[in-house]
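# Chains, contacts and geometry: an overview
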Amino acid sequence: MSEETKGSKVIRAGIGYTVGNYLLKGLTFLTVPLFSRLLSTAEYGVFNAYLAYQTILYLLVGLALHTSLKNAKYRYKEEFDRYNSGCILLVIVHLLLWLLVCNLLYPLYGGAAGFSRVVVNVLLLDSFGTALIQFFNVYVGIYYRYISFLKLSVFHAVANLALSVLLILTLFRDDRATGRIFGNAVPAVMAAVVIIWYFWRKAAPVLNLEQVRFAVGYSLPMIPHGISQVILSQFDRIMIKDMIGESQAGIYSFAYTIFSVVNVTANSLGNVWGPWFYEKMAAEYETIRSRSSRFAYGMLLFSGMVMLGSPELVIFLGDRGYWDAMYSVIPIVAGGYFMFLYTFPSGVEYYYEKTKYIALGTGMAAAVNIILNSIFIRSAGYQAAAYTTLVTYFLYFLFHCLIARRIQKECVFEMGKLLFYSAAALLAGA
């Protein structure tokens, strides 16, 4: 494949991921008023508590094995399909252990968790399905197969919506939160069955001890990294709710809705950047330097437009009661730009399989975020959380830059330009 053809393929994949994620995010956004009417506030709270558990458990049940795929592709080459099949088998075995332990110990934690035994089992199966979906999405991203990503994502989103509404209105009319939970879980499990068939058709599943050691050794440090990322993105809202009130937490959450426009774009393009970066890390540092600077410049322009238009976006999308969110959007978006920049140095850490350093850098940022929030939210109000987010994500980027420099011994990015773009993002916010 010529360089020009490959470049065209990468661009098409980037556009496909971005458009697809916008459509899926739009579908999710449109379901908010639907389910807010189908569920009471208490039922809505139960389901969101369920989702909070699922966000963490999918990493634990799935062992975060999806994070190892890019390295495994270059390590095992012709054996890559067998590696994937073995990983799927390992996740199934791990799921069975979780089901056994959680059911045996249910009398000890059931009351505190607030979920029935049935819901706990559904939660584990949902987490398993989500882990395999993430595994599949990383796999197809390596080959820029954005059409496969779109097919699975559209099925999952549409089936989730349709089944949830059907169950709420029929079988679970007296327990609508559980109906929403089942509607969320069943499509994920169905997708998992198809994914298992997809990989096992390519290669029979075998637990190769050397491959298992690599997969687990690489991925385990990514679990605290993933949990720390959840803390970075979610914990400020929890602290606002506990320290000030639910109304302020709602306004702050609405500000994050505006930020999601930038986040979805960065994540979509990151699905393409990651595999391309791995291909070029063998020797083409100059190509990485120039392309990463262009990527950062493009995201700077996009983030700047969102910041400059954020007051109008808040007024257009929200009721008057949410208009105060405009004072939180700008620092959150500026902080999000640093979160995007973190993907550059973290790519070096992933490439050299130094995942424990990734967990260390993210854990340090999460700790700083909690400390700053505990100091400033109560004294300066909920809007302080937006500025602690900005500071935290800048440190997040800085921590990983220092770690990547220590690993690589040289910088494969144009740090002068990245710092200049960072200053420009802060200036746009000001």
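Residues numbered from 1 in each chain as written. Predicted model: local features only at pLDDT ≥ 70, side-chain atom pairs only at ≥ 80, totals over all residues. Heavy atoms only, no water.

Right, let's get into the packing of helix H6 (residues 117–142) against helix H7 (residues 146–169). Across the interface, H6 lies against H7 with an axial gap of 9 Å and an inter-helix angle of 155°. In this view, H6 runs roughly antiparallel relative to H7, as classed from their interaxial angle. Together, Ile 133, Phe 136, Asn 137 and Val 140 of H6 and Ser 148, Phe 149, Leu 152 and His 156 of H7 make up the contact between the two elements. Looking at the contact of H6 with H7, its residues break down into 5 nonpolar, 3 polar and no charged. (Axes fitted to C-alpha atoms, helices over the stretch in contact; angles between N-to-C directions. Helix = DSSP H or I, 4+ residues; strand = E, 2+ residues; numbered from the N terminus. Parallel < 35°, antiparallel > 145°, perpendicular 65-115°, else oblique. Contact = heavy atoms within 4.5 Å. Nonpolar A, V, L, I, M, F, W, Y, C, P; charged D, E, K, R; others polar.)

This part covers the packing of aromatic side chains. Considering all chains together, one arrives at 37 aromatic pairs under this definition. Plain terms: the ring middles of Phe 80 and Tyr 139 are 6.0 Å apart, the flat faces sit at 25° to each other, and that makes the pair stacked. You can see Phe 80 sitting in helix H4 (residues 80–104) and its partner Tyr 139 sitting in helix H6, a full 59 residues away along the chain. Like Phe 80, the residue Tyr 139 is buried in the burial classification. Every member of this aromatic cluster is reached through a ring pair, and the members are Tyr 76, Phe 80, Tyr 83, Phe 135, Phe 136, Tyr 139, Tyr 143, Tyr 198, Phe 199, Phe 214 and Tyr 218. Positioned over the ring face of Tyr 74 is Lys 73, at 4.8 Å from the centre of the ring. Across from the ring centre of Tyr 143, 4.5 Å away, lies the NZ or CZ of Arg 145, which sits over that ring. (Phe/Tyr/Trp six-rings, centres within 6.5 Å; stacked < 30°, edge-to-face > 60°. Buried < 20%, exposed > 50% of the residue type's maximum accessible area, 1.4 Å probe, protein only. Lys NZ or Arg CZ within 6 Å of the ring centre and 35° of its normal.)

Purely spatial values, then, with no claim about function.
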